[in-house]
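For reference, the chains in residue letters:
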Amino acid sequence: MEASLGTVIIYARDMRKSADFYARHFGFITTGEVIEGLIELNAPRAGAGILIHQAAKSVQLGQAGVKLSFHVRDVEAFVAEAAERGLKFGAIHRANGYAFANCKDPDKNSVSVSSRAHRL
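Being a predicted model, the structure only gives us computed values, none of them experimental. Within every chain, residues take consecutive numbers counted from 1 along the sequence as written. It should be noted that, the model being predicted, local features are given only for residues of pLDDT at least 70 and side-chain atom pairs only at 80 or more, the latter also being counted only at that level, while totals for whole chains, interfaces and linings use all residues. Note that the side-chain values use all heavy atoms of the structure and ignore hydrogens as well as water.

Colleague: Sorry if this is basic, but what is going on with the sheet that holds strand β1 (residues 7–12) here?
Modeller: Picture the strands of a sheet paired through backbone hydrogen bonds; they go either parallel or antiparallel. If you walk across this open sheet you meet the three strands as β1-β3-β2, and the pairing is mixed. One side of each edge strand has no neighbouring strand; the edge strands of this open sheet are β1 and β2 (38–41). Adjacent strand axes in the sheet meet at a mean angle of 20° when their direction is disregarded. Summarising the sheet, β2 and strand β3 (residues 49–54) pair through four bridges and their orientation is antiparallel. Pairing of Glu40 across the sheet is with Leu51, part of β3. Between any two strands, at least two bridges found by DSSP are needed for them to pair. For the purposes of this entry, the term helix denotes a DSSP run of H or I that reaches at least four residues, the term strand denotes a run of E that reaches at least two, and both are numbered from the N terminus. Helix axes are fitted to C-alpha atoms over the stretch in contact, other axes to C-alpha atoms as well, and angles between N-to-C directions run from 0 to 180 degrees.

Colleague: Explain the side chain of Ser18 here, please?
Modeller: Note that Ser18 resides in helix α1 (residues 15–26). Each residue is assigned to one of three classes by its accessible area relative to the maximum for its type, calculated with a 1.4 Å probe on protein chains only: buried under 20%, partly exposed between the two thresholds, exposed over 50%. By relative accessible area, Ser18 is classed as buried at 1%. By definition in these notes, contact holds between two residues if any of their heavy atoms fall within 4.5 Å. What Ser18 contacts, discounting residues up to four positions off in sequence, is Ala12, Ile52, Pro106 and Asp107.

Colleague: Whenever I open this one, helix α2 (residues 75–84) confuses me. Can you help?
Modeller: Taken together, the buried positions of α2 are occupied by Val75, Phe78, Val79 and Ala82. In an axial view of α2, the angular spread of the buried residues amounts to 95°, which keeps them on one side of the axis. Buried residues along α2 sit against α1, β6 (98–104) and β7 (110–114). Pairing of N or O atoms within 3.5 Å defines a polar contact, subject to two protein rules: one partner must be a possible hydrogen donor and the other a possible acceptor, and residues neighboring in sequence count only if both atoms are side-chain atoms. Two to three positions downstream of the cap, the backbone nitrogen of Glu76 sits 3.2 Å from a side-chain oxygen, assigning the N-cap of α2 to Asp74. Backbone geometry just downstream of α2 places Gly86 in the positive-phi region, at approximately 95°. When we speak of the arc, we mean the arc of directions from the helix axis to the C-beta atoms.

Colleague: Please explain the sheet that holds β6 as it appears in this structure.
Modeller: The strand order β4-β7-β6-β5 describes an open sheet built from four strands, whose pairing is mixed. Edge positions in the open sheet fall to β4 (67–71) and β5 (93–95), since each of these has one partner strand only. Ignoring strand direction, the axes of neighbouring strands in this sheet form an average angle of 30°. Across the sheet, α2 touches β5, β6 and β7, and the angle it forms with β6 is around 25°.

Colleague: What am I meant to see in unusual backbone geometry here?
Modeller: Phi at Glu36 is positive, roughly 55°, even though this residue is not glycine. By the secondary structure assignment, Glu36 is in the loop between α1 and β2. Relative accessible area serves as the criterion here: at 80%, Glu36 is assigned to the exposed category. The phi dihedral of Asn96 is positive, around 50°, even though this residue is not glycine. On the basis of relative accessible area, Asn96 is assigned to the exposed category, the value being 68%.

Colleague: How do you make sense of the packing of aromatic side chains when you look at a structure like this?
Modeller: Here is the rule: rings of Phe, Tyr and Trp (six-membered ring for Trp) pair when centre to centre is within 6.5 Å. Planes less than 30 degrees apart are stacked, more than 60 are edge-to-face, and the remainder are tilted. Throughout the structure, instances matching the rule amount to nine aromatic pairs. Considering the side-chain rings of Phe21 and Tyr22, the 4.9 Å spacing of their centres and the 85° angle between planes classify their relative orientation as edge-to-face. For the residue pair Phe21 and Tyr22, the accessibility class agrees, reading buried in each case. By way of ring pairs, the aromatic residues Phe21, Tyr22, Phe26, Phe28, Phe70, Phe78 and Phe89 are connected into one cluster. Remark: a charge is flagged as sitting over a ring if the NZ atom of Lys or the CZ atom of Arg is within 6 Å of the ring centre and within 35 degrees of the ring normal. For the cation-ring pair, Arg116 lies above Tyr98, with the distance from its terminal atom to the ring centre recorded as 6.0 Å.

Next up, the structure:
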């Protein structure tokens, strides 16, 4: 039996702020409307979508063993463009023919951009 990743669910303190983060900085498409307790974000081309879910007060955000990694062709260009929109990434790392950089979303979840999928 095969399975493919279709949706990533992110728990957030401020659902609209998190939805705006992924729309603004990673190009996801959303109305920002809360429907059935979720804000849906669709990938701009292909790939998994995101559902933003209201986090319970008891949930410790930013502590999960998950990191969202977005595939980009040019990490340096993406990081520079993100900085113009107010998103600061850490240092750009290079390894085995690709580059990557890390940041945090509004709830301190780990996010990275990586050119690994595009390496030669």
